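Breakdown of the fold
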Amino acid sequence: MNQSVDVFTISHDELAPSPLNPRKHFDADGITELAASIARDGQVYQNLIARKADGLKVGKGKAAREVSYEIIAGERRWRAVRQIMEGKDWPEGKPFPMPVRVIAADDAKVVELATIENLQRKNLTPLEEGRAFADMRRYGRETHQIAEAMSMSRRYIQIRLALVDKLSKKCQAALDEGAINIVQARTLTMGSKARQDEIIEAIVRGGYMAAEQQIKHSLVGDLPTVASAIFDVGFYDGAWIDDPDGDDKDRRFADRGKFEQLQQTALEVLEKTLGENWAWVKVVDGYASTYMYEKSKNKKKAGAIIQVVSLDAITVYDGLVKPAEQEKEGDAPKPQPVFTKTHLTYAANRKTEALQDAVAADTRTAKIMTCLALMGERETARFGCDHINPDDRAISPGLLASAKALGSKLKAVAFDTYGRGLLNLKREPVGKPDLSAHKAYEAIKALSDTDLDQLFSALVAAQVGTFAGADPKLGDSPLAVQLAEDLGIDMEARWSIDDDYLALCKKPSLIDILGANGEWTDGGASAAKKTAKALREMVKTETSGTTHILPREMQFGSPEDLEKAKPVVTRVEGVTSKKAA
């Protein structure tokens, strides 16, 4: 685009700042110092850059007027002169001439030139930079074009754009106000905006989660990375969480369920493939003691160990020769675990939802659980959202509906279920006095006795459950088992096998279900030849129509009882039913 290099002397009143200037914050002290310097010399030496204005106005209401030129670069000088003209020493109505280079520029060029000038002066905050780059993108500039125009790396541009695209409004405000730094902000972009708001509240109020690694672990610490996948990631069609440092190996699968399904299938294929290439294959659940094996390239004698610490941590050790004592006949392979961590967490969450609905409907039990929690109970009643692991944060649909109904009556309380409580106090913006508790108290005080009882029971119920924790095991706490019995919870009536559940099942659990239904009487030997997919289809067929199966992990019981238990099978013939445990 051709640009004139002519410099004109233009009155201050004929100029106005461009609304496209990415810089929104100006240091008042700096403007005052600049005004004093200009007043001392009596003129502005450095040229402003402007374009002809098209309908640009200054002032409001009847005092609004159009100006002739729109400032592209030099707004600080314009503001300093305005301060001089508004002072008592400047004669009213006297113009102030300013040197201006007038150029022809479209909106995209205006944003680009204003951004370049501000960056040269180091006047933009990281978020203002991001907004400027976002404006340039909006006017058609690609990331590499922005990087070239700014003489910066593409990665730098991408990081600043992420602050605009992915950072929540609360976190943006905290960054602008200096409550967090750029490293913390870019790490926060890895999480959902709701989760970001929870963490920024902790940082601003307590400062205990300020380290980058702590924030990262809190956001995505339990999500698997690309480096942990043993399958072709091209088959994954879920959402991704990108590492802010651009490390592809630390890119994470946002959908753990899809990851584990693909990983489990790949594990079965891996075991089969290794078996075709080596003399033997052993799958070890946990850490394998490979130091006792000798190494060999003889594939007729050597074998391979697949170490499965978790589905996130699978390692293959091949070319291993068994010690003599391990080659004795009669050694039985270590059985694979029936349930994965995700499977047991799923089961615990469904039972938690059952407990929540039952407690919410029984105010007396809710009061009992409150007393226990205040006395220190933490197994089944975890009062205070920070005590509940994110994987354990299950809220029943019935409780959500109740919370929505109550939330409409409590304007001082925000409805939120993203990893925190059922109804959370609506906090004031960062930097303002927090009166949320006082407002909530007044709103709750105005409730009827019936609504207050419902609110009390619902809030207590949301903190009750059978919690799996970081290392889930089969079975429930004695208190959870007793609660389920006292409240008459019927998991058969609440839950039935569906595709989501079947996707979590490994072959042993599928065989367990079909064996209880009488599908195999030979101990499941004929099932070993079938794939997990075929077994899932068989379960779907068996559980359609007149048969209902409740797997043992979906039942309430102690770890010892459920280890020995079998799925509950109910066959409905006409109007009669028979249960076999």
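This section reports on the structure supplied with the text. (Residues numbered from 1 in each chain as written. Predicted model: local features only at pLDDT ≥ 70, side-chain atom pairs only at ≥ 80, totals over all residues. Heavy atoms only, no water.)

In this structure, L355, I489, M491, W495, I497 and Y501 are the most contacted members of the largest nonpolar core, which totals 49 residues. A total of six residues in this core trace back to one element, the largest contributor, which is helix α12 (residues 341-360). Not counting the four nearest positions on each side in its chain, L355 is found in contact with V464, G465, T466, A480, L483, A484, I489 and F556. Core analysis: the second largest hydrophobic core is formed by 21 residues, A35, Y69, W78 and V100 among them. (Core = buried A, V, L, I, M, F, W, Y, C linked by side-chain atoms within 4.5 Å. Buried < 20%, exposed > 50% of the residue type's maximum accessible area, 1.4 Å probe, protein only. Helix = DSSP H or I, 4+ residues; strand = E, 2+ residues; numbered from the N terminus. Contact = heavy atoms within 4.5 Å.)

Strand residues, when the strand is regular, have side chains that alternate between the two faces of the sheet. Along strand β6 (residues 69-73), five of the five residues are buried, which leaves the element largely enclosed by surrounding structure. Sheet analysis places strand β3 (residues 48-52) next to β6, joined by four bridges and oriented antiparallel. Bridge assignment links I49 to a residue of β6, and that residue is A73. (Pairing = 2+ DSSP bridges.)

Let us now look at the packing of aromatic side chains. Aromatic ring pairs: the centre-centre distance and the angle between the two ring planes describe each pair. For the structure shown, the criterion picks out 10 aromatic pairs. Between the aromatic rings of F231 and F253, the centroid separation amounts to 5.8 Å while the plane-to-plane angle is 55°, which identifies the pairing as tilted. Residue F231 is found in the loop between α10 (212-220) and β8 (240-241), and its partner F253 is found in strand β9 (residues 252-253); the two are separated by 22 residues along the sequence. The buried category is assigned to F231, whose relative accessible area is 12%. We classify F253 as buried; its relative accessible area is 0%. (Phe/Tyr/Trp six-rings, centres within 6.5 Å; stacked < 30°, edge-to-face > 60°.)

The next subject is the pattern of salt bridges. In this structure the tally under the stated criterion is 22 salt bridges. Linking E353 and R350 is a salt bridge whose minimum nitrogen-to-oxygen distance equals 2.9 Å. Separated by three residues within a single helix, E353 and R350 lie in helix α12, roughly one turn from each other. For R350, a relative accessible area of 22% translates into the label partly exposed. Between K351 and D476 there is a salt bridge, with the nearest N and O atoms lying 3.0 Å from each other. Of this pair, K351 sits in helix α12 while D476 sits in the loop between α16 (449-461) and α17 (478-486), and the two are 125 residues apart along the sequence. Like D476, K351 is buried. Here the residues in one salt-bridge network are R51, E70 and D107, joined through shared partners. (Salt bridge = Lys/Arg side-chain N within 4 Å of Asp/Glu carboxyl O.)

Let us now look at α16. Between its first and last C-alpha, α16 extends 18 Å over 13 residues, near the 18 Å set by a 1.5 Å rise per residue. What α16 keeps buried is the set D451, L455, S457, A458, V460 and A461. (Expected span 1.5 Å × (residues − 1).)

With that settled, the discussion passes to the sheet that holds strand β1 (residues 7-11). Spatially, five strands are ordered β1-β7-β3-β6-β2 in an open sheet, and the strand pairing comes out mixed. Across the chains shown, the open sheet's two edge strands, defined by having one partner strand only, are β1 and β2 (15-17). Within this sheet the neighbouring strands show an average axis-to-axis angle of 50°, counted without direction. Against the sheet, helix α3 (residues 107-120) contacts β3 and β6, and its axis sits at roughly 45° relative to β6. (Axes fitted to C-alpha atoms, helices over the stretch in contact; angles between N-to-C directions.)

Take the pairing of strand β13 (residues 313-321) next. Judged from the two bridges that link them, strand β11 (residues 294-295) and β13 form a sheet pairing that is antiparallel. By the bridge assignment for β13, E294 is matched with V321. Relative to β13, strand β12 (residues 303-310) runs antiparallel, the two being bridged by seven bridges. Opposite V308, over in β13, you have I314 as the bridge partner. Connecting β12 to the antiparallel partner β13 that follows it, the hairpin turn spans two residues.

Taken together, the buried positions of helix α7 (residues 169-176) are occupied by C171, Q172, A174 and L175. For α7, the angular spread of buried residues about the axis comes to 160°, placing them on one side. (Arc of directions from axis to C-beta.)

Okay, the sheet that holds β11 next. Strand order in the open sheet formed by four strands is β10-β12-β13-β11, with mixed pairing between adjacent strands. Here the strands that pair on one side only, and so sit at the sheet edges, are β10 (281-285) and β11.

The interhelical angle for the contact between helix α5 (residues 143-150) and helix α6 (residues 154-165), taken along N-to-C directions, is 110°, at an axis separation of 8 Å. Taken together, the axes of α5 and α6 are roughly perpendicular relative to one another. When the axes of α5 and α6 are compared, the crossing they make is right-handed. Here T143, H144, I146 and A147 of α5 lie close against α6, whose contacting residues are R154, I157, Q158 and L161. Among the residues forming the contact of α5 with α6, the class breakdown is four nonpolar, three polar and one charged. (Parallel < 35°, antiparallel > 145°, perpendicular 65-115°, else oblique. Left-handed = near helix turned anticlockwise from the far one by under 90°. Nonpolar A, V, L, I, M, F, W, Y, C, P; charged D, E, K, R; others polar.)

Okay, the side chain of Q196 next. Mapped onto the elements, Q196 comes out in helix α9 (residues 193-205). Other than its neighbours up to four places away in sequence, Q196 contacts K166, L167, S168, C171, L188, T189 and G191.

A few words on the environment of V204. Relative to the assigned elements, V204 resides in helix α9. Between the alpha carbons of V204 and I180 there is a distance of 8.1 Å; along the sequence they are 24 residues apart.

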